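Notes for the structure review
Each chain is listed here by its residues.
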Amino acid sequence: MYLPTTHICCGDNKMFELKENLSCCGVNSFNKTIQYCCITNDNLEVKNESCHSPPPIEAEPSKYVNCLGILHKRESGLNQCCGEDVYSLADDNVLCCNGILYRNVPEKSECVGGIIYTQNQIKMFSCGSEVYDHKKQLCCSGHLYNKTKAECCGNLLLDYNNNQICCSSSTHAMLYDTKQEHLCCGHYYYNTSLWSCCAEHLKPTPSKDSYPPEYRLKPLTDLIPDICHKKVLFGKVESVVLRQKWRDIVLRVIVAVSELSQGTLLHVSLDHCSSPALENSMTYLWEKNSRKYKALSIPVDVTSDIHMFFTACDLNLMQALNRSVSTCSHTHHIRGGFSMQVHF
C-alpha cells in the first residue's frame with residue numbers, strides 16, 4: 001500500500017519517495033535529468049550514460065509494457081496497464097479501478113463509479129491501493145487504521161487523549177503537541193504573542209483582535225458517518241469578494257441532502273478572518289445550521305466523492321437530484337442569523 005502523491009511503486013513492491021524528475025526503470029528508480037533507463041540483455045538497467053540500445057520508450061512491445069511512460073517487462077500476453085502499474089488478467093483478487101490497481105479484493109468484484117462492489121453488492125471503499133470496511137477502519141490519506149476515538153490528520157492519526165492538535169490547510173496537515181498561547185493558522189501552530197492570523201494566513205503583527213479560523217476543513221471520509229443525516233449540501237464557490245470584515249460568497253448547490261434544490265444559488269457571508277480559506281471554483285461539503293452555512297470539507301472531486309458520500313451514508317442520490325425543479329429559480333441570501341429569498 002502506498003500514497004501516489006508521496007511515493008512511487010516500481011514493481012516487486014519496491015517503493016521510493018516521490019521526488020522531482022524521479023521515475024521507474026523496471027523495479028528501480030532513476031532521475032530522468034541525469035540518468036538513463038536502458039535495456040541490457042532484455043533487462044532494464046539504470047545507467048549514468050546514454051544507452052547504446054534503443055531507448056525504453058521504443059522498446060519492443062512483445063517484450064515490454066509501457067504504462068504511462070513507465071516500462072515493465074512483459075511476462076505474458078495477458079499483461080495490462082493500470083495507471084503506471086502492470087498486472088496480468090490471470091491474477092487472482094486483483095482489480096483495476098479508475099487507474100489504481102487494487103489487490104486482495106474479493107473474487108468477482110466490479111468497479112463502478114470509483115467504488116468497488118463485491119459479488120453480493122456489498123460496497124467496498126478504497127484506501128491507497130487497498131479496499132476496506134469504512135465502518136470498522138479509518139482511511140487517512142492512503143493509510144489504514146482500525147477505528148478508535150480518533151480522527152485523521154493528513155496520513156496520521158490524531159488520538160483525542162494524547163494532548164496533541166492537528167493544524168491543517170488545503171495542502172498540508174501537521175500534528176503538534178499542545179502549548180499554551182498557541183493556536184492553529186492553516187497548518188501552522190503559532191505563538192499568539194508573536195503572530196496574528198486571518199483566514200489561515202500568518203501575519204508578523206500580534207493583535208488582540210485576531211480571530212483565527214474556529215475550525216478546520218477535513219477530508220470527506222473523516223466526516224462520515226457523523227454528517228450523513230444532517231442538513232448538508234455540496235456547493236461550488238462561484239465567486240468571492242471581501243467586504244469589510246465579511247467574505248461574500250456566491251455558492252452554487254450541486255446536490256443537497258436537505259430541502260434545497262440542485263442549481264440553487266446561495267449568497268453566503270462569512271466572517272473573513274475566523275473562517276477557513278476557500279478557493280474559487282472548488283466544491284466543498286457545507287452544513288446548514290440555524291440558517292447559517294459553513295464549509296466542512298476540503299475540496300471534493302465532483303465525479304467520485306459525491307457518489308462515495310451517498311453510498312457510504314446509504315442515501316438515495318437520484319432522489320436528491322430529482323428534488324430539483326429549476327436550476328435557476330431562487331437565490332438565498334445568508335448572513336449571520338437571517339435568510340432572505342429572492343425570485344428572479
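These remarks concern the structure in this document. Please read these numbers as outputs of a predicted model, since none were measured by experiment.

Calculation rules
- Residues numbered from 1 in each chain as written.
- Predicted model: local features only at pLDDT ≥ 70, side-chain atom pairs only at ≥ 80, totals over all residues.
- Heavy atoms only, no water.
- Helix = DSSP H or I, 4+ residues; strand = E, 2+ residues; numbered from the N terminus.
- Contact = heavy atoms within 4.5 Å.
- Areas by Shrake-Rupley, 256 points an atom, 1.4 Å probe, with all protein chains shown as cover.
- 1 Å grid on protein atoms, 1.4 Å probe; cavity = no way out; pocket = protein on both sides within 12 Å on 5 of 7 lines; lining within 4 Å.
- Points joined across faces, edges and corners; volume = space filled by probe spheres on them.
- Nonpolar A, V, L, I, M, F, W, Y, C, P; charged D, E, K, R; others polar.
- Disulfide = S-S within 2.5 Å.
- Buried < 20%, exposed > 50% of the residue type's maximum accessible area, 1.4 Å probe, protein only.
- Salt bridge = Lys/Arg side-chain N within 4 Å of Asp/Glu carboxyl O.
- Core = buried A, V, L, I, M, F, W, Y, C linked by side-chain atoms within 4.5 Å.
- Phe/Tyr/Trp six-rings, centres within 6.5 Å; stacked < 30°, edge-to-face > 60°.
- Lys NZ or Arg CZ within 6 Å of the ring centre and 35° of its normal.
- Pairing = 2+ DSSP bridges.

With that settled, consider the overall build of the chain. Of the regular secondary structure elements, the chain holds three helices and 33 strands. In the chain, 35% of the contacts between residues at least 6 apart in sequence involve partners at least 24 apart. About 19,500 Å² of surface is accessible on the chain, with carbon and sulfur atoms providing 50% of the total.

Glycine aside, negative phi is the norm for most residues, and most peptide bonds take the trans geometry. The step from Ile224 to Pro225 runs through a cis peptide bond, and the omega angle for that step is 10°. Relative to the assigned elements, Pro225 resides in the loop between α1 (220-223) and β27 (232-243). A positive phi angle, near 55°, is found at Asn93, a position not held by glycine. Mapping Asn93 onto the fold places it in the loop between β10 (85-88) and β11 (94-97).

The next thing to look at is the layout of surface pockets. Its volume calculated, the second largest pocket comes out at about 700 Å³. Forming the walls of the second largest pocket are 34 residues, and the residues nearest its centre are Glu151, Tyr160, Arg216, Lys218 and Leu223. At the level of elements, β19 (150-153), β21 (164-168), β23 (182-185) and α1 are the ones that each hand at least two residues to the lining of the second largest pocket. Of the residues that constitute the lining of the second largest pocket, the class distribution is 19 nonpolar, four polar and eleven charged.

The next thing to look at is the state of the cysteines. Here the structure, examined in full by the defined rule, presents ten disulfides. Each sulfur of the disulfide joining Cys167 and Cys184 lies 1.9 Å from the other. As the torsion about the S-S bond is roughly -70°, the Cys167-Cys184 disulfide counts as left-handed. Of this pair, Cys167 sits in strand β21 while Cys184 sits in strand β23, placing them 17 residues apart in sequence. In this structure Cys167 comes out as buried when scored by relative accessible area, which is 0%.

Bringing the pattern of salt bridges into the picture now. Evaluation of the coordinates by the stated rule reveals five salt bridges. Here Glu151 makes a salt bridge to Lys218, at a shortest N to O gap of 3.2 Å. Here the residue Glu151 occupies a position in strand β19, and Lys218 occupies one in the loop between β26 (201-203) and α1, the gap between them amounting to 67 residues. In this structure, the salt-bridge partner of Lys245 is Asp271, at a minimum N-O distance of 3.1 Å.

Within soluble globular proteins, side chains that are nonpolar generally end up buried alongside one another. Core analysis: the largest hydrophobic core is formed by 22 residues, its most contacted members being Phe234, Leu285 and Phe309. Secondary-structure elements contributing two or more residues to this core are β15 (123-127), α1, β27, β28 (246-257) and α2 (305-312). Ranked by residues supplied to this core, first place goes to α2 with five residues. For Phe309, the contacting residues outside a window of four places in its chain are Leu220, Ile224, Ile227, Cys228, Val232, Phe234, Val257, Leu285 and Leu315. The next biggest cluster of nonpolar side chains, apart from the first, holds 15 residues, and it includes Leu217, Leu233, Val237 and Tyr293.

On to the packing of aromatic side chains, then. For the structure on display, the rule yields three aromatic pairs. An angle of 80° between the planes, with centres 5.7 Å apart, marks the rings of Phe309 and Phe310 as edge-to-face. Grouping residues by exposure puts Phe309 and Phe310 together as buried. Following the ring pairs from residue to residue traces out a cluster consisting of Phe234, Phe309 and Phe310. Positioned above the aromatic ring of Trp246 is the side chain of Lys245, whose terminal nitrogen or guanidinium carbon lies 5.6 Å from the ring centre. Lying over the aromatic face of Tyr215, Lys294 brings its terminal NZ or CZ to 4.5 Å of the ring centre.

Looking at chain direction, strand β3 (residues 22-25) and strand β4 (residues 28-31) are connected through four bridges and run antiparallel. Each residue of the ladder has a partner; that of Cys24, found in β4, is Ser29. Counting the residues in the hairpin turn of β3 and β4 gives two residues, including Gly26, whose phi is positive at 65°.

Attention now moves to the environment of Gly128. The topology assignment puts Gly128 in the loop between β15 and β16 (130-132). With relative accessibility at 22%, the residue Gly128 sits in the partly exposed group. A C-alpha to C-alpha distance of 8.3 Å links Gly128 and Tyr102, two positions 26 residues apart in sequence.

Across four bridges, the pairing between strand β9 (residues 79-82) and β10 is antiparallel. Bridging from a neighbouring strand, Cys81 pairs with Val86 of β10. If you look at the hairpin formed by β9 and β10, you'll find two residues sitting between the two strands, and Gly83 has a positive phi there, around 65°.

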